[in-house]
Amino acid sequence: MIDIKPWDDETDMKKLEEAVKSIQMEGLFWGASKLVPVGYGIKKLQILCTIVDDLVSIDTMIEEQLTVEPINEYVQSCDIVAFNKICKFHEPIRNSF
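All values reported here derive from a predicted model rather than from experimental measurement.

Student: What exactly am I supposed to notice about helix 2 (residues 58-66) here?
Tutor: An α-helical turn contains 3.6 residues, so any two residues separated by three or four positions project in the same direction. Within helix 2, burial applies to Ile58, Met61, Ile62 and Leu66. Projected down its long axis, helix 2 carries its buried residues within an arc of 95°, all on one side. Of the exposed residues in helix 2, those oriented more than 90 degrees away from the buried face are Glu63 and Glu64. Those residues of helix 2 that are buried lie in contact with strand 1 (2-6), helix 1 (13-21), strand 2 (28-39), strand 3 (42-51) and strand 4 (75-80).

Here's what the structure looks like:
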């Protein structure tokens, strides 16, 4: 889950969401989103995304996609709110005693 904060209360949040979801990468899947009040009429976009760890770095995506032109016209900052990692489980190692 990522919090994406706009510049101010005049930022078009629909366009902000469209800009965020326009980021397409192999291994990146956008999920549900909602607007959450921050204060003084400002709302932030809270959005779920699923990434394939071997294909996408969430930190790189934020630094190189969400906070650069043209999306930075809408996005002031991003924070990772929740992060779950699913790992493959391998067959246990068997000791030969």
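Student: I would appreciate a short explanation of the side chain of Thr11 in the present structure.
Tutor: By secondary structure assignment, the location of Thr11 is in the loop between strand 1 and helix 1. A distance of 3.5 Å separates the side chain of Thr11 from the backbone nitrogen of Trp7, its partner in a polar contact. Setting aside residues up to four positions removed in sequence, Thr11 forms contacts with Pro6, Leu16 and Tyr74.

Student: For this particular structure, what's the right way to read the nonpolar core?
Tutor: Across soluble globular proteins, nonpolar side chains show a tendency to be buried alongside one another. Among the nonpolar cores identified, the biggest contains 21 residues, and Ile2, Ile4, Leu16, Val20, Trp30 and Leu66 are the most heavily contacted of them. For this core, the secondary structure elements donating two or more residues are strand 1, helix 1, strand 2, strand 3, helix 2 and strand 4. Every residue in contact with Val20, bar those within four places of it in the chain, is listed here: Ile4, Trp30, Leu45, Ile47 and Leu66.

Student: Can you walk me through the environment of Leu66 in this structure?
Tutor: Along the chain, the position of Leu66 falls in helix 2. Here Leu66 falls in the buried class, since its relative accessible area comes to 0%. Note: C-alpha distance between Leu66 and Gln76 (ten residues apart in sequence) is 9.3 Å. Residues in contact with Leu66, not counting those within four places in the same chain, are Ile4, Val20, Ile23, Met61, Ile71, Asn72, Val75 and Cys78.

Student: Whenever I open this one, the pattern of salt bridges confuses me. Can you help?
Tutor: Opposite charge on two side chains permits them to pair, given that their charged atoms come into close proximity. In this structure the tally under the stated criterion is three salt bridges. As a salt-bridge pair, Lys44 and Asp3 come within 2.7 Å of each other at their nearest N and O atoms. Of this pair, Lys44 sits in strand 3 while Asp3 sits in strand 1, placing them 41 residues apart in sequence. The buried category is assigned to Lys44, whose relative accessible area is 16%. Between Asp79 and Lys5 there is a salt bridge, with its nearest N and O atoms 2.1 Å apart. Linking Asp79 in strand 4 with Lys5 in strand 1, this pair joins segments that are 74 residues apart in sequence.

About the criteria used
The written sequence of each chain sets the order in which its residues are numbered from 1. Given that the model is predicted, a residue must reach a pLDDT of at least 70 before its local features are reported, and side-chain atom pairs must reach 80 or more before they are shown or counted; all residues, however, enter totals for whole chains, interfaces and linings. The basis for every side-chain value is the complete set of non-hydrogen atoms in the structure, without hydrogens or water. In this scheme, a residue with accessible area under 20% of its type's maximum is buried, one over 50% is exposed, and one in between is partly exposed, where area comes from a 1.4 Å probe on protein chains only. Under the DSSP-based scheme used, a helix requires at least four consecutive residues in state H or I and a strand at least two consecutive residues in state E, with every element numbered from the N terminus. Within this analysis, the arc is defined by the directions that extend from the helix axis to the C-beta atoms. Contacts are assigned to residue pairs with any non-hydrogen atoms lying within 4.5 Å of each other. Counted as a polar contact is a pair of N or O atoms within 3.5 Å, where, for protein atoms, one must be capable of donating a hydrogen and the other of accepting one, and residues adjacent in sequence contribute only when both atoms are in side chains. Nine residue types can take part in a nonpolar core, namely buried Ala, Val, Leu, Ile, Met, Phe, Trp, Tyr and Cys, and a core is a set of them joined through side-chain atoms within 4.5 Å. Here, a salt bridge means any Lys or Arg side-chain nitrogen found within 4 Å of an Asp or Glu carboxyl oxygen.

On their own, these measurements won't tell you what the molecule is for.
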